[in-house]
Amino acid sequence: MLFERPSDDILYDALIARDAAYEGFAWAAVKTTGIFCRLTCPARKPKRENTTFFGTIAQCLEAGFRPCSRCRPMLKFGEADPMVTRLLDALDADPHRRWSEDDVVAFGIDPSTARRAFKRQFGMSFLEIARLRRMGKAAETLTSGASVIDAQLDAGYESGSGFRSAVTKLFGAAPANLRDKTLLRADWIETPIGPMMAIADGHALHLLEFAERKALPAEIRKLQKLTGSGIVMGRHPPIDEIEAELKAYFAGEDFGFKTRIAGHGSPFQRQVWEALRAIPVGVSRTYGAIAAELGLPSSTRAVAGANGANQIAIVIPCHRVLSADGSLTGYGGGLWRKRWLLEHERRMAVKRGG
C-alpha cells in the first residue's frame, strides 16, 4: 500500500500558512518549547529544525509534549463535547495534580462516561492524559539533575513508592537509576520518507528505526533490558552526527556513515551486519550470496534472521538484500521505503560514476 502521509516539509508549509486543510490530520511539536500545536496555531512559528510532526494527540503526549495554550489542540473545532472541554480546562489549570476518578466524580461526571468520551476523541482516558502531563514534567526535572524528591513533588506524588513505580513503567528504570546512570537519549530525525527514531548514549548509536516500524516498541524494551538503562527524550552527540550524515545521504551525497555504532548482537549477527555494510551503494545482494561470502553457504536462513534483527536502518543497509529471484523481500520500514531507498541509491551510484 502506498504511503499516504504527507511529508514533514509539506506539513511544515501548512503550519506556516495556517492551512486548515490539514487540521486534525497532524500536529506540530516544537522541541525547544516542549509544546504541540494545531497546524493553524496563530502563535509565532518555530524553525523547521525544531519542529516534528505526529499523527495523533496521544503520540504528542507520549513523547512528552504539552498542549499549546493558544490554539488548544485538544479541543475540537466546531461543536465540542462540553464534558471533555470542562475536564481539559481543569487539567490545564492544574496540570501537576494527581487526578483520580474521585476528582472526576466531584465535577458531577460519571468516570465511565468520561473514559469513553476521551478514548473516542484521543485514544486514551482523561486520567492517562493527566498522568502523561505529570510524567513529562517529572522527566524534565530528573534529567536537569534535580533530586528524586524534587521530581516527585513536581509530578504531584505524595508517595515516593508510587512515583518510582510510575517512572519505572514509563522509562524502564527507577528514578535514582535515571539520575545515577548514563542515560540513553532518544530523539526524532526527520527524513524525506518519514521520521526515524534514534537512540544513543554519549559514545555510540544504539538504535535507528523508522517510527512506523511495528516492532519498534519491542525493540526499545529489548534495548532497555540489554543495557539496563533508562531512555529519555533528548540528544547525545551521536544523534547529531547521524542526523548530519543522513541529511547528506538523502541529498544524494555518498559520504558513507561514520557514526559509531554500539556493539549489540551475537558474533554471527555482527558478522552479517559488517557484510551488509560492505555492500556498495547502488548494489544489492541475496541472502544466499551473503552466506557464501561468509563461507557459510548453508546458513542462508540464519543470514536472513540476522538481517531482520538489525536495529540500525539505512546505516546497516539491510534494504540492499533481495530474495533469491531478485524480488523485494520483507522490510521493517515497509516495502515502499525499500524500493525508494534502492532507487535513490541507484541514482547516487549513477551520479558518482558520471
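Residues numbered from 1 in each chain as written. Predicted model: local features only at pLDDT ≥ 70, side-chain atom pairs only at ≥ 80, totals over all residues. Heavy atoms only, no water.

Asks: Account for the sheet that holds strand β3 (residues 51-54), naming residues and giving values.
Replies: Here four strands make up an open sheet; going across it, the order is β3-β1-β2-β4 and the pairing mixed. Edge strands, defined here as strands with exactly one partner in the open sheet, are β3 and β4 (66-67). Sheet topology places strand β2 (residues 35-37) next to β4; two bridges connect them, and they run parallel. Residue pairing in the sheet places Ile35 in a bridge with Arg66 of β4. Strands β1 (27-30) and β3 of the sheet are contacted by helix α1 (residues 8-17), whose axis makes an angle of about 105° with β3. (Pairing = 2+ DSSP bridges. Helix = DSSP H or I, 4+ residues; strand = E, 2+ residues; numbered from the N terminus. Contact = heavy atoms within 4.5 Å. Axes fitted to C-alpha atoms, helices over the stretch in contact; angles between N-to-C directions.)

Asks: Quick rundown of the pairing of β1? Include the residues and the values.
Replies: Within a regular strand, side chains alternate between the sheet's two faces. Where burial is concerned, the two faces of β1 agree: the one with Trp27 and Ala29 and the one with Ala28 and Val30 are both buried. Relative to β3, β1 runs antiparallel, the two sharing four bridges. Its bridge partner being in β3, Trp27 is matched across the sheet by Phe54. Here β1 runs beside β2; their pairing, made up of three bridges, is antiparallel. For Val30, the partnering residue across the bridge sits in β2 and is Ile35. Counted along the chain from β1 to the antiparallel partner β2, the turn is four residues long, and its residue Gly34 has a positive phi close to 75°. (Buried < 20%, exposed > 50% of the residue type's maximum accessible area, 1.4 Å probe, protein only.)

Asks: Run through the side chain of Asn307, naming residues and quoting values.
Replies: As for its position among the elements, Asn307 is in helix α14 (residues 300-308). Taking relative accessible area as the criterion, Asn307 reaches 7% and is therefore assigned buried. With sequence-adjacent residues up to four places away left out, Asn307 is seen in contact with Leu276, Tyr287, Cys318 and Val321.

Asks: Break down the sheet that holds strand β5 (residues 184-189) for me, citing the residues and quoting the values.
Replies: Adjacent strands of a sheet form backbone hydrogen bonds with each other and so pair up, either parallel or antiparallel. Read from one edge of the open sheet, four strands run β7-β6-β5-β8, paired in mixed fashion. In this open sheet, the two strands that pair with only one neighbour each are β7 (205-210) and β8 (231-233). Across the sheet, the axes of successive neighbouring strands diverge by a mean angle of 25°, strand direction being ignored. By the bridge criterion, three bridges tie β5 to β8 in an arrangement that is parallel. Looking across to β8, one finds that Ala186 is bridged to Met233.

Asks: Explain the pattern of salt bridges to me, using residue names and the numbers behind them.
Replies: Scanning the entire structure with this criterion turns up 13 salt bridges. Here Arg72 makes a salt bridge to Asp89, at a shortest N to O gap of 2.5 Å. Here Asp89 lies in helix α3 (residues 82-93) and Arg72 lies in the loop between β4 and α3, a separation of 17 residues in the sequence. What makes Asp89 partly exposed here is its relative accessible area of 33%. The salt bridge involving Glu293 is made with Arg285; its shortest N-O contact spans 2.9 Å. Exposure remark for Glu293: the relative accessible area of 48% places this residue in the partly exposed category. (Salt bridge = Lys/Arg side-chain N within 4 Å of Asp/Glu carboxyl O.)

Asks: Break down the packing of α3 against helix α5 (residues 111-122) for me, citing the residues and quoting the values.
Replies: Orientation of α3 relative to α5, taken along the N-to-C sense of each, is 90°, at an axis distance of 10 Å. For the element pair α3 / α5, the angle class is roughly perpendicular. Of the residues in α5, those in contact with Met83, Val84, Leu87 and Leu88 of α3 are Thr113, Ala114, Ala117, Phe118, Gln121 and Phe122. In terms of residue class, the contact of α3 with α5 is made up of eight nonpolar, two polar and no charged. (Parallel < 35°, antiparallel > 145°, perpendicular 65-115°, else oblique. Nonpolar A, V, L, I, M, F, W, Y, C, P; charged D, E, K, R; others polar.)

Asks: Describe the environment of Ala302, naming the residues involved and giving the relevant values.
Replies: One can find Ala302 in helix α14. For Ala302, a relative accessible area of 38% corresponds to the partly exposed category.

Asks: Which residues make up unusual backbone geometry, and what values go with them?
Replies: Phi is positive for Arg18, close to 55°, though the residue is something other than glycine. Within the element layout of this structure, Arg18 appears in the loop between α1 and β1. The exposure class assigned to Arg18 is partly exposed, which follows from its relative accessible area of 43%. Its identity is not glycine, yet Arg72 carries a phi of approximately 45°, on the positive side. Given the relative accessible area of 27%, Arg72 is considered partly exposed.

Asks: Go over helix α12 (residues 267-277) with me, naming the residues and quoting the values.
Replies: Turning to α12, its buried residues are Val272, Trp273, Ala275 and Leu276. Buried residues of α12, viewed axially, fall in a sector of 155°; they line one side. Turned more than 90 degrees away from the buried face of α12, the exposed residues are Pro267 and Glu274. The inward-facing, buried residues of α12 contact α13 (287-293), α14 and β10 (321-322). (Arc of directions from axis to C-beta.)

Asks: Describe the packing of aromatic side chains, with residues and values.
Replies: Overall, the coordinates contain seven aromatic pairs when judged by the stated rule. A ring pair is formed by Phe54 and Phe65, whose centres lie 5.9 Å apart and whose planes are at 55°; its orientation type is tilted. Here Phe54 is found in strand β3, whereas its partner Phe65 is found in the loop between α2 (57-62) and β4, with eleven residues between them in sequence. Each residue in the set Trp99, Phe107, Phe118 and Phe126 is aromatic and connected to the rest through ring pairs, giving one cluster. It is Arg97 that lies over the ring of Trp99; its NZ or CZ is 4.4 Å from the centre. Over the face of the ring belonging to Phe210 we find Arg337, whose NZ or CZ atom lies 4.5 Å from the ring centre. (Phe/Tyr/Trp six-rings, centres within 6.5 Å; stacked < 30°, edge-to-face > 60°. Lys NZ or Arg CZ within 6 Å of the ring centre and 35° of its normal.)

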